[in-house]
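Single-letter residue listing:
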Amino acid sequence: MKFSGKNVLITGASRGIGADTARVLAKMGLKVWINYRSKPEVADALKSEIEEAGGVAAVVKFDATDEDEFIKGINLIVDSDGELSYLVNNAGITNDKLALRMKTDEFTGVINANLTSAFIGSREALKVMSKKRFGAVVNIASIVGEMGNAGQVNYAASKGGMIAMTKSFAKEAASRNVRFNVVTPGFIATDMTDALSDEVKAAYEANIPLKRLGKGEEVANAVAFLLSDHASYVTGDVLKVNGGLYM
């Protein structure tokens, strides 16, 4: 794919979908900034993997829920590279519980980790990208934000809010030639799903038209398209990567 920018920041990039996105974008020629909050050895290992494969990567530590830390992280990237071309807001958590048993701080904690962090990143990236009148942001939401899910009221609210927020950012940023889009993964094979029994996996797969879990690389390819010049006329859109589970 063709990219007019040169670098990308991926939050929560040391593992899972974030790490797969870093690998894919590095292979496509972008300098990848791997954000992590803890376990520097994991982020460093991913950086080494990317470099050994011929890519360019750097590591930046900050908590995406901390406004000051996020801003300092972006400033570090701009000071280093002279720009921030692309941002992927991927960092997030779950804290599942039935709504009747969910405490308010368990609700707001997920909102802050998933939605507020994406707002901070989107706002600060827009400030930087507006100066060059170029850039693109992809927010990683979830199929749960589109269809809801029992036991995930907080997560669904955070990801549904991300979809609406992204569309609003897209309207505000279009005049500055900065694009905002969303990817909504369905059930993707990750460390979390690896821990599930074969019976549980089979039950999930039975409801998916393509009859399998998705791969992190398949989500990453969707992200790459939305960031690339090939999607230069795409903004405010939601790209579903869910095997047909929610159409």
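Just so you know, these numbers come straight off a predicted model, no measurement behind them. (Residues numbered from 1 in each chain as written. Predicted model: local features only at pLDDT ≥ 70, side-chain atom pairs only at ≥ 80, totals over all residues. Heavy atoms only, no water.)

### A closer look at the UniProt feature "domain: Ketoreductase" (unreviewed entry) in the chain
Mapped onto the present numbering, the UniProt feature "domain: Ketoreductase" (unreviewed entry) falls on residues 6–191. For residues 6–191, helix accounts for 51% and strand for 18%, while the C-alpha atoms at its two ends are 30 Å apart. (UniProt positions renumbered as here; feature names shortened; annotations may be inferred. Helix = DSSP H or I, 4+ residues; strand = E, 2+ residues; numbered from the N terminus.)

### A few points about the UniProt feature "active site" (unreviewed entry) in the chain
Mapped onto this numbering, the UniProt entry annotates "active site" (unreviewed entry) at Tyr-155. Structurally, Tyr-155 can be placed in helix 6 (residues 153–173). Other than its neighbours up to four places away in sequence, Tyr-155 contacts Ile-93, Thr-94, Val-110, Asn-114, Ser-142 and Val-144. (Contact = heavy atoms within 4.5 Å.)

### Some words on the nonpolar core
In this structure, Val-8, Ile-10, Leu-25, Val-32, Ile-34, Val-183 and Leu-227 are the most contacted members of the largest nonpolar core, which totals 33 residues. Of all the secondary structure elements, the ones that give two or more residues to this core are strand 1 (7–10), helix 1 (16–27), strand 2 (31–36), helix 2 (40–52), strand 4 (86–89), strand 5 (135–140) and helix 9 (216–227). Considering every element that reaches this core, the biggest residue donor is helix 9, with seven residues. Other than its neighbours up to four places away in sequence, Val-183 contacts Val-138, Asn-139, Ile-140, Ala-141, Ser-142, Val-219, Ala-222, Val-223, Leu-226, Leu-239 and Val-241. Counting 32 residues, the second largest nonpolar core, distinct from the first, contains Trp-33, Ile-163, Phe-169 and Ala-173. (Core = buried A, V, L, I, M, F, W, Y, C linked by side-chain atoms within 4.5 Å. Buried < 20%, exposed > 50% of the residue type's maximum accessible area, 1.4 Å probe, protein only.)

### Considering the sheet that holds strand 1
Taken in spatial order, the seven strands make up an open sheet running 3-2-1-4-5-6-7, and their pairing is parallel. The open sheet has two edge strands, strand 3 (56–61) and strand 7 (238–241), and neither has a second partner. When the angles between neighbouring strand axes are averaged without regard to direction, this sheet yields 20°. Pairing of strand 1 with strand 2 involves four bridges; the strand directions are parallel. Residue pairing in the sheet places Leu-9 in a bridge with Trp-33 of strand 2. Each of strand 2 and strand 3 is contacted by helix 2, which is oriented at about 165° to strand 3, the strand it contacts most. Contacting strand 1, strand 4, strand 5, strand 6 (178–185) and strand 7, helix 9 runs over the sheet at an angle of about 165° to strand 6. (Pairing = 2+ DSSP bridges. Axes fitted to C-alpha atoms, helices over the stretch in contact; angles between N-to-C directions.)

### Details of the environment of Ser-14
Among the structural elements, Ser-14 can be located in the loop between strand 1 and helix 1. Given a relative accessible area of 15%, Ser-14 falls into the buried group. Spatially, the C-alpha atoms of Ser-14 and Asn-35 are 6.9 Å apart, while their sequence positions differ by 21 residues. Among all residues touching Ser-14, those that are not within four sequence positions of it are Ala-19, Ile-34, Asn-35, Tyr-36, Val-42, Ala-43 and Leu-46.

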